[in-house]
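# Descriptive structure summary
Residues per chain, in single letters:
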Amino acid sequence: MKAVIVYESLYGNTAAIAAAVADGLRQGAEVALLRVGEASPEALEGADLLVVGGPTHVHGLSSRLSYRGAADDAGKKGSEHPAADLAGPPLRDWLDGLTGVGRGAAAAFDTRVDKPRVLTGSAARGAASRLRTHGYAPVASESFLVSGTAGPLLPGELDRASAWGRSLAVTRLSGDR
């Protein structure tokens, strides 16, 4: 099985989760781990499973507007926010640009503040919806928690992400499509 993980990470938390998911998936799959700016349509060809992840911004997927907000927050005098990594397109734009790629199973994850989802929203929900629109079949969705807007991840989240990756590999290997 071939899996491709495409992720966006502004403060490093989502990158750490993506790497942990990749470690779990490697138990049953060949895995490519790509930042959103590296994920060309050619990189997705032949994937049996596409996993997409990003931080939750303003109740959903990142956008150019939320990128500006992240940059402004980091630039404020006395701000505790580190400078955000704004390389590559926002995940929303990348997903909206999916065309002419192979279709198959998909999974979505996000990082979000440790509060009820009704208050924070979920980038994973928006990603799964866009993947479905582009002909993918979402098989799983998960949120991983951070203690504040810029993190850090809560204790145990990396282990939980690795376990989720293993479960994705088992699900795909068993033919649950």
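Numbers given to residues run from 1 along each chain, matching the order in which its sequence is written. With pLDDT at 70 or above as the cut-off, local features in this predicted model cover only qualifying residues; side-chain atom pairs require 80 or more to be listed or tallied, and sums for whole chains, interfaces and linings still use all residues. Excluding hydrogens and water, the side-chain values take into account all heavy atoms of the structure.

### Let's talk about the overall build of the chain
- In this description a helix means any DSSP run of H or I spanning at least four residues, a strand means any run of E spanning at least two, and both kinds are numbered starting from the N terminus. Counting its regular elements, the chain contains 7 helices and 5 strands.
- Moving toward the C terminus, one meets the helices and strands of the chain in the order β-α-β-α-β-α-α-β-α-α-β-α.
- Buried residues are those whose accessible area, probed at 1.4 Å on protein chains only, stays under 20% of the maximum for their type, while exposed residues exceed 50% and partly exposed ones sit between those limits. Split into buried and exposed, the 177 residues of the chain put 46% on the buried side.
- In what follows, a contact means two residues having at least one pair of non-hydrogen atoms within 4.5 Å. Taking contacts inside the chain between residues at least 6 apart in sequence as the whole, the part at least 24 apart equals 79%.
- Approximately 8,200 Å² of the chain is accessible, and the part contributed by carbon and sulfur atoms is 51%. Computed by Shrake-Rupley with a 1.4 Å probe, the accessible areas treat only the displayed protein chains as cover when residues are assessed.

### Remarks on the sheet that holds strand S4 (residues 105-113)
- One open sheet accounts for 5 strands, arranged S2-S1-S3-S4-S5; its pairing is parallel. The open sheet has two edge strands, strand S2 (30-35) and strand S5 (137-146), and neither has a second partner. Each neighbouring strand pair of the sheet contributes to a mean axis angle of 15 degrees, computed without reference to strand direction.
- A pair of strands is labelled paired if DSSP reports no fewer than 2 bridges between them. In the sheet, strand S1 (residues 2-7) pairs with S2 via 6 bridges, with the strands oriented parallel. Bridge pairing in S2 places Lys 2 opposite Glu 30.
- Contacts from helix H1 (residues 13-25) reach S1, S2, strand S3 (49-55), S4 and S5, with the element oriented near 175 degrees to S1. Geometry is summarised by axes, namely lines fitted to C-alpha atoms with helices restricted to the contacting stretch, and by angles between N-to-C directions that run from 0 to 180 degrees.

### As for the environment of Lys 115
- Along the chain, Lys 115 falls in the loop between S4 and helix H5 (117-120).
- Residues Lys 115 and Ser 147, 32 residues apart in the sequence, show an inter-C-alpha distance of 9.0 Å.

### Concerning the nonpolar core
- Here, the term nonpolar core denotes a set of buried Ala, Val, Leu, Ile, Met, Phe, Trp, Tyr and Cys residues that are joined through side-chain atoms within 4.5 Å. Ranked by internal contacts, the top residues of the largest apolar core, which has 23 residues, are Ile 5, Leu 25, Val 51, Phe 109 and Trp 164.
- Contributions of two or more residues to this core are made by S1, H1, S3, S4, S5 and helix H7 (157-173).

### Thoughts on the pattern of salt bridges
- What makes a salt bridge here is a side-chain nitrogen of Lys or Arg within 4 Å of a carboxyl oxygen of Asp or Glu, nothing more. The final tally for this structure, using the stated rule, is 5 salt bridges.
- Arg 160 is paired through a salt bridge with Glu 142; the nearest N and O atoms lie 3.0 Å apart. Taken together, the residues span a long stretch of sequence, with Arg 160 in helix H7 and Glu 142 in strand S5 at a distance of 18 residues.
- Overall, the relative accessible area of 31% leaves Arg 160 in the partly exposed class.
- Residue Glu 142 is classed as partly exposed on the basis of its relative accessible area, which comes to 23%.
- When salt bridges with common partners are traced through the structure, they connect Glu 142, Glu 157 and Arg 160 into a single cluster.

### A few points about the packing of aromatic side chains
- Any two of the Phe, Tyr and Trp rings considered here, Trp counted by its six-membered ring, make a pair once their centres fall within 6.5 Å; the pair's planes then place it as stacked at under 30 degrees, edge-to-face at over 60, or tilted in between. Scanning all chains against the criterion turns up 3 aromatic pairs.
- Each ring, one from Phe 109 and one from Trp 164, has its centre 6.1 Å from the other, and the planes form 70 degrees; the classification is edge-to-face. Note that Phe 109 is positioned in strand S4 and Trp 164 in helix H7, a separation of 55 residues in sequence. Exposure class is identical for Phe 109 and Trp 164. Each is buried.

### Topic: the pairing of S1
- With 5 of its 6 residues buried, S1 lies for the most part within the structure.
- One crossover worth recording links S1 to the parallel S2 by way of H1, and it is right-handed. With the strands aimed away from the viewer, a crossover counts as right-handed if its path from the first strand over the helix to the second runs clockwise.

### Description of the side chain of Ser 9
- Within the secondary structure, Ser 9 is located in the loop between S1 and H1.
- Within the local environment of Ser 9, its side chain forms a polar contact with the backbone nitrogen of Thr 14, the two atoms lying 3.4 Å apart. Between N or O atoms, a polar contact is any pair within 3.5 Å; within protein, one atom must be a potential hydrogen donor and the other a potential acceptor, and residues adjacent in sequence are included only when both atoms are from side chains.

### Here we look at H1
- The terminal C-alpha atoms of H1, which comprises 13 residues, lie 18 Å apart, in line with the 18 Å expected from a rise of 1.5 Å per residue.
- Asn 13, Thr 14, Ile 17, Ala 18, Ala 20, Val 21, Ala 22, Gly 24 and Leu 25 are the residues of H1 that are buried. By definition here, a helix of n residues has an expected span of 1.5 Å times n minus one.

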